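Breakdown of the fold
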Amino acid sequence: LGGAVFFLVRQQKSLENNEKETPKQAVVIAVKPEVSVKQAGTDMFLPVSDSALVDQGAQIKTSATGKARLVYPDGTVTVLDADTVITLATLENNGRQSRIELVVGSMISKVGNILGTGEYYQVQTENIVASVRGTIFATEHRNKISRVYGIQNKVSVQARNPKKQDVIKGTETEISGGEKTTVVTDALPPENRRLIKEKLTAQDYQKPLLKSDTIKELDQEDFDEKEVQGFLEALQGYNLNDTELQEQLK
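This brings us to the overall build of the protein chain. Scanning the protein chain for helices and strands turns up five helices and 18 strands. Among the 250 residues that make up the protein chain, the fraction classed as buried is 49%. For the protein chain, the proportion of contacts with a sequence separation of at least 24, taken over those separated by at least 6, is 51%. In the form shown here, the protein chain has an accessible surface area of approximately 12000 Å², with 47% of it arising from carbon and sulfur atoms.

Dropping the structure here:
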């Protein structure tokens, strides 16, 4: 992990020392092969064997067996599940101004800090925009269907018109830990109709995205948070044979 990790540590110290340097870079770590990156301005995806620096505008792709961990200098962590493609559309201010375009696939995000004025972390697909100021949540998008799953704190979700590429006014809703919302491109909500939020179901808890081997890629300190602990206990109820999860809950 050498140079990429050195860069990350250096930028974390930069934040602590209030230095003015604000790189438009993050570190992508190949948790499971195969992971590849296409940097902005290039035409080819190149494999990531261990870790690599990625710039604003880069695309990251995981294979059917791949998994990647994206780490910003401010401590924000995003885990990309298998068969996922994202674009780092915006990466400013050490990751404190971030917008990820989820082209296809699924991902789980943990925003490193409560963001201040002018700072944001967004995940958008063709038909949703999810915004947070400090939380843990998961997003998936396949076959024109997007879902956002709350794990810790609140996530603001709005429907997005893929043709106009703007949000649909009045559709915003907030989901909390243990809740989800769904948007289908072929059945977009009209203006001024809030997205429906629902409780997670037994089927949701069976998704690979919400299994403990994905969640554990986040910082371990998160498991002490009461809301995350509650989510994991609910997850354990549906996965009694998950020994990794049982170890985390001890």
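With that settled, consider the side chain of Asn161. Inspection of the secondary structure puts Asn161 in strand S14 (residues 155-161). A distance of 2.9 Å separates the side chain of Asn161 from the backbone nitrogen of Lys163, its partner in a polar contact.

Let's shift gears to the packing of aromatic side chains. Summed over the entire model, instances satisfying the criterion amount to one aromatic pair. Across from the ring centre of Phe45, 4.1 Å away, lies the NZ or CZ of Lys61, which sits over that ring.

A word on the pairing of strand S5 (residues 59-62). Two strands pair when backbone bridges link them, and strand S2 (residues 35-38) and S5 are joined in this way by four bridges, in the antiparallel orientation. Across the sheet, residue Val35 finds its bridge partner in S5, namely Thr62. Pairing of S5 with strand S8 (residues 85-92) involves three bridges; the strand directions are antiparallel. Residue pairing for S8: Lys61 is matched across the bridge by Val85.

Right, let's talk about the pattern of salt bridges for a bit. Summed over all chains, the structure comprises five salt bridges. Arg147 is the salt-bridge partner of Glu140, the closest N and O atoms lying 3.8 Å from each other.

With an omega dihedral of 15°, the bond running from Pro33 to Glu34 counts as a cis peptide bond. Structurally, Glu34 can be placed in the loop between strand S1 (25-32) and S2. Of note in this structure, Asp83 is not a glycine but carries a positive phi near 55°. Secondary-structure assignment places Asp83 in the loop between strand S7 (77-80) and S8. Residue Asp83 is classed as partly exposed on the basis of its relative accessible area, which comes to 40%. One non-glycine residue, Gln165, adopts positive backbone phi at about 60°.

Checked against the element boundaries, Ile29 lands in strand S1. A relative accessible area of 17% means that Ile29 is categorised as buried. Taking C-alpha positions, Ile29 is 5.6 Å from Ala68, a pair spaced 39 residues apart along the chain.

Right, let's talk about the confidence of the model for the protein chain for a bit. With 74% of its residues at a pLDDT of 70 or more, the protein chain shows a mean pLDDT of 82. At the low end of the mean pLDDT range in the protein chain sits helix H1 (residues 2-16), at 46; at the high end sits S5, at 98. A low-confidence stretch, residues 1-22 (pLDDT under 50), is modelled with 31 contacts involving residues beyond four sequence positions or located in other chains. Taken together, the stretch residues 220-224 has pLDDT below 50 and engages in ten contacts with residues farther than four places along the chain or on a different chain.

It is worth spelling out the nonpolar core at this point. With 34 residues, the main nonpolar core has Val28, Val54, Ile60, Leu70, Ile86 and Tyr121 as its most contacted residues. Ignoring any residue separated from it by four or fewer positions in sequence, one finds Val28 in contact with Val35, Val37, Val48, Asp50, Ser51, Ala52, Val54, Ile60, Ala68, Arg69 and Leu70. Grouped together as the second largest cluster of nonpolar side chains are eleven residues, Ile108, Tyr149, Ile151 and Leu200 included.

It is worth spelling out the environment of Ile175 at this point. Residue placement: Ile175 occurs in strand S16 (residues 173-175). Discounting chain neighbours no more than four positions away, the residues touching Ile175 are Val148, Tyr149, Gly150, Asn153, Lys154, Val155, Lys180, Thr181 and Lys197.

A word on the environment of Leu102. Inspection of the secondary structure assignment puts Leu102 in strand S9 (residues 97-110). For Leu102, a relative accessible area of 2% corresponds to the buried category. For the pair Leu102 and Glu126, spaced 24 residues apart in sequence, the C-alpha separation works out to 8.1 Å. Beyond its immediate chain neighbours, meaning those up to four positions away, Leu102 contacts Thr84, Val85, Ile86, Met107, Val123, Gln124, Thr125, Thr139, Glu140 and His141.

Criteria and cut-off values
- Residues numbered from 1 in each chain as written.
- Predicted model: local features only at pLDDT ≥ 70, side-chain atom pairs only at ≥ 80, totals over all residues.
- Heavy atoms only, no water.
- Helix = DSSP H or I, 4+ residues; strand = E, 2+ residues; numbered from the N terminus.
- Buried < 20%, exposed > 50% of the residue type's maximum accessible area, 1.4 Å probe, protein only.
- Contact = heavy atoms within 4.5 Å.
- Areas by Shrake-Rupley, 256 points an atom, 1.4 Å probe, with all protein chains shown as cover.
- Polar contact = N/O pair within 3.5 Å; in protein donor to acceptor, adjacent residues only side chain to side chain.
- Phe/Tyr/Trp six-rings, centres within 6.5 Å; stacked < 30°, edge-to-face > 60°.
- Lys NZ or Arg CZ within 6 Å of the ring centre and 35° of its normal.
- Pairing = 2+ DSSP bridges.
- Salt bridge = Lys/Arg side-chain N within 4 Å of Asp/Glu carboxyl O.
- pLDDT = per-residue confidence, 0-100.
- Core = buried A, V, L, I, M, F, W, Y, C linked by side-chain atoms within 4.5 Å.

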